[in-house]
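# Structure at a glance
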Amino acid sequence: MKTVSVSWAAACARRMGRQGLLTPAATTGCSPADMAGRMLGAHAQVPSAAELSIALRLDGATRTDVRDALTGGQGPRPGTLVKTFGPRGTIHLLPAGDLPWWTGALSALPARPSPFRPEARMTAAQTDEVIAAIGDALAGTELTVDELTEAIVARTGSWAADPVMPAFQTLWPRWRQVTHCAAHRGVLAFGRGRGRKATYTNPGCTPASPTRSLHELVDRYLRAYGPATARDFAAWLAVPADWAAELFASLAREKRIEEVAFASGRAWTAAGDTAFPDEPVRGVRLLPYFDAYVIAARPRELLFPGAAAARALAGGQAGNHPVLLVDGTVAGVWHQRRTGRRIALTVEPLESAEPLGRAHRRALDQEVERTGAALEGTAELTLGTITVGPHA
């Protein structure tokens, strides 16, 4: 059987098309939760950026639509999005309906080496005890971190609150080193904010089978961001490359994934998912901080060609700058400053990129207008130099 050959342009077109970056999806057929599923989660370390990431992929959607999907709006129904710790241990918005397989997969990943001193670490038995306490304390309620600390101590002992975990120039209670683990086991997610304080709740999720969940994760990753290598998957998920290679090898033996020629090498797609568009990407998009597309799409040197790597990456890390995409690749950075409903939006095209022609300039004007509408304001465009540094 002849190996399928996939060009970078074809990969860009399919990736962007599948998650509403070519033509925004109609909200009648695709909800914010549906789109978050297509993206494999929206990075929510910067909450407003996650809202914009999803809203821009849906025709006519706004940040309020995404917030309502997270909170359930004003009614009694629960939200269709969950804010929790997802890939790489970072905060993400994930579809509530996908949480069983997400937690099944994330809880099956290889444990990372502890960054804490031996005397600060928790044993496996202590970890299990604290996670059980978290699940019990958060069942049917929302607690701030201080309230949760008291509830854990009441169920385990004072050792769980020992201030031994260095964080932000202070020391956190010992139990907080397993916050991500509790989320990945399905007993912790973010609740509604209480003023400036975050809260946690128990989403009531039972993780699905680890094996089936890992297969689901690889399948969805390849459908969203393939062709991709096992090393690409490992970098996106922050797991050891050899573990990912073994997982991909097992899936190849089971014929769940299929090898193609891509980017002067070999990569994988989901089995049978080898159809790619003939037409390359045309157009302009503005993507906010930590957008899923710039985090996951690889090879990174093709997405951030030439000067784009120096200007739009921070130490090789994607997402620290909002980016301007022109015809599917990074061609600039942008920044917004809001005053009431007015949004001053500055775009800095890269000097090394091709000058914005009339068609691209009209497309940029339209994208700025869409961005303002998604943010529920009125955006005004300035072409100029961005002086704001990368997001921490």
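Since the structure is predicted, the reported quantities are computational estimates derived from the model, not experimental observations. (Residues numbered from 1 in each chain as written. Predicted model: local features only at pLDDT ≥ 70, side-chain atom pairs only at ≥ 80, totals over all residues. Heavy atoms only, no water.)

### Describing the sheet that holds strand E17 (residues 342-349)
Reading across the sheet, the five strands line up as E14-E15-E16-E17-E18 and stay open at both edges, with mixed pairing between neighbours. Of all the strands in the sheet, the pair left with one neighbour each is strand E14 (284-287) and strand E18 (378-383). Shown here is a sheet whose adjacent strand axes are inclined to one another by a mean of 30 degrees, direction ignored. Bridge count for strand E16 (residues 329-339) against E17 is eight bridges, and the pairing is antiparallel. Bridge assignment links Arg337 to a residue of E17, and that residue is Ala344. Strands E14, strand E15 (323-326), E16, E17 and E18 of the sheet are contacted by helix H15 (residues 358-374), whose axis makes an angle of about 35 degrees with E14. (Pairing = 2+ DSSP bridges. Helix = DSSP H or I, 4+ residues; strand = E, 2+ residues; numbered from the N terminus. Axes fitted to C-alpha atoms, helices over the stretch in contact; angles between N-to-C directions. Contact = heavy atoms within 4.5 Å.)

### Overview of the side chain of Ser213
By the element assignment, Ser213 lies in helix H9 (residues 210-225). Under the relative-accessibility criterion, Ser213 is labelled buried at 2%. (Buried < 20%, exposed > 50% of the residue type's maximum accessible area, 1.4 Å probe, protein only.)

### Digging into empty space enclosed by the protein
Scanning all chains against the criterion turns up two cavities of 30 Å³ or more. As a volume, the largest cavity reaches approximately 70 Å³. If you trace the largest cavity, you find it lined by Met39, Leu40, Gly41, His43, Arg88, His92, Tyr225, Trp236, Phe290, Ala292, Ile295 and Ala296. At three residues, the largest contribution of residues to the lining of the largest cavity is made by helix H12 (residues 292-296). Looking at the lining of the largest cavity, its residues break down into eight nonpolar, three polar and one charged. Of the volumes computed, that of the second largest cavity is approximately 50 Å³. In terms of lining residues, the second largest cavity is bounded by Tyr289, Asn320, His321, Pro322, Val333, Trp334, His335, Ile386, Val388 and Gly389. (1 Å grid on protein atoms, 1.4 Å probe; cavity = no way out; pocket = protein on both sides within 12 Å on 5 of 7 lines; lining within 4 Å. Points joined across faces, edges and corners; volume = space filled by probe spheres on them. Nonpolar A, V, L, I, M, F, W, Y, C, P; charged D, E, K, R; others polar.)

### Focus: the packing of helix H5 (residues 99-106) against H9
At a closest axis distance of 8 Å, the pairing of H5 and H9 adopts a crossing angle of 105 degrees. Judged by the inter-axis angle, H5 sits roughly perpendicular to H9. Only Pro210, Ser213, Leu214, Glu216, Leu217 and Arg220 of H9 make contact with H5, whose side of the interface consists of Pro100, Trp101, Trp102, Gly104 and Ala105. For the contact of H5 with H9, the class distribution of residues is seven nonpolar, two polar and two charged. (Parallel < 35°, antiparallel > 145°, perpendicular 65-115°, else oblique.)

### Focus: the nonpolar core
Generally speaking, soluble globular proteins have nonpolar side chains that are buried together. Ile54, Phe233, Trp236, Tyr293 and Phe304 are the most contacted members of the largest nonpolar core, which totals 123 residues. In terms of residues, this core owes the most to one element, H9, which gives seven residues. (Core = buried A, V, L, I, M, F, W, Y, C linked by side-chain atoms within 4.5 Å.)

### Side note on unusual backbone geometry
The amide bond that connects Gly226 to the next residue, Pro227, takes the cis arrangement and shows omega of 0 degrees. Mapped onto the fold, Pro227 is located in the loop between H9 and helix H10 (230-237). A cis geometry characterises the amide bond from Arg298 onward to Pro299, with omega recorded as 5 degrees. With respect to the helices and strands, Pro299 occurs in the loop between H12 and helix H13 (300-303). Phi at Arg88 takes a positive value of approximately 65 degrees, unusual for a residue other than glycine. For Arg88, the position within the fold is in the loop between strand E5 (81-85) and strand E6 (91-95).

### Digging into the packing of aromatic side chains
Applying the stated criterion across every chain, the model contains ten aromatic pairs. For the ring pair Trp101 and Trp102, a centre distance of 4.9 Å and an interplane angle of 20 degrees mean the geometry is stacked. Taking the centre distance of 6.3 Å and the plane angle of 35 degrees together, the rings of Tyr289 and Phe290 count as tilted. An aromatic cluster is built from Tyr221, Tyr225, Phe233, Trp236 and Phe248, whose rings are joined through pairwise contacts. Here Lys83 stacks its cationic end above the ring of Phe190, 5.1 Å away from the centre of that ring. Here Arg176 stacks its cationic end above the ring of Trp172, 3.5 Å away from the centre of that ring. (Phe/Tyr/Trp six-rings, centres within 6.5 Å; stacked < 30°, edge-to-face > 60°. Lys NZ or Arg CZ within 6 Å of the ring centre and 35° of its normal.)

### Here's the deal with the sheet that holds strand E3 (residues 42-43)
Each strand in a sheet pairs with another by means of backbone hydrogen bonds, the pair being arranged parallel or else antiparallel. Read from one edge to the other, the open sheet built from three strands follows the order E3-E6-E5, with strand pairing classed as antiparallel. A strand with exactly one partner marks an edge of an open sheet, and here the two such strands are E3 and E5. Sheet analysis places E5 next to E6, joined by five bridges and oriented antiparallel. Considered in E6, the bridge of Val82 is made with Leu94. Across the face of the sheet, helix H4 (residues 63-71) comes into contact with E5 and E6 while running at roughly 75 degrees to E5.

### Some thoughts on H15
In this model H15 runs 24 Å from its N-terminal to its C-terminal C-alpha over 17 residues, within 8% of the 24 Å that 1.5 Å per residue would give. Trailing H15 by a residue or two, Glu376 shows a phi angle of about 60 degrees, which is positive. (Expected span 1.5 Å × (residues − 1).)

### Considerations on the environment of Arg266
Its location among the elements puts Arg266 in strand E13 (residues 265-270). In this structure, the C-alpha to C-alpha distance between Arg266 and Arg256, residues ten residues apart in sequence, is 16 Å. In this structure, Arg266 is in contact with Thr3, Thr229, Glu259 and Val260, ignoring residues within four places of it in sequence. A polar contact is formed between the side chain of Arg266 and the side chain of Thr3, at a distance of 3.3 Å. (Polar contact = N/O pair within 3.5 Å; in protein donor to acceptor, adjacent residues only side chain to side chain.)

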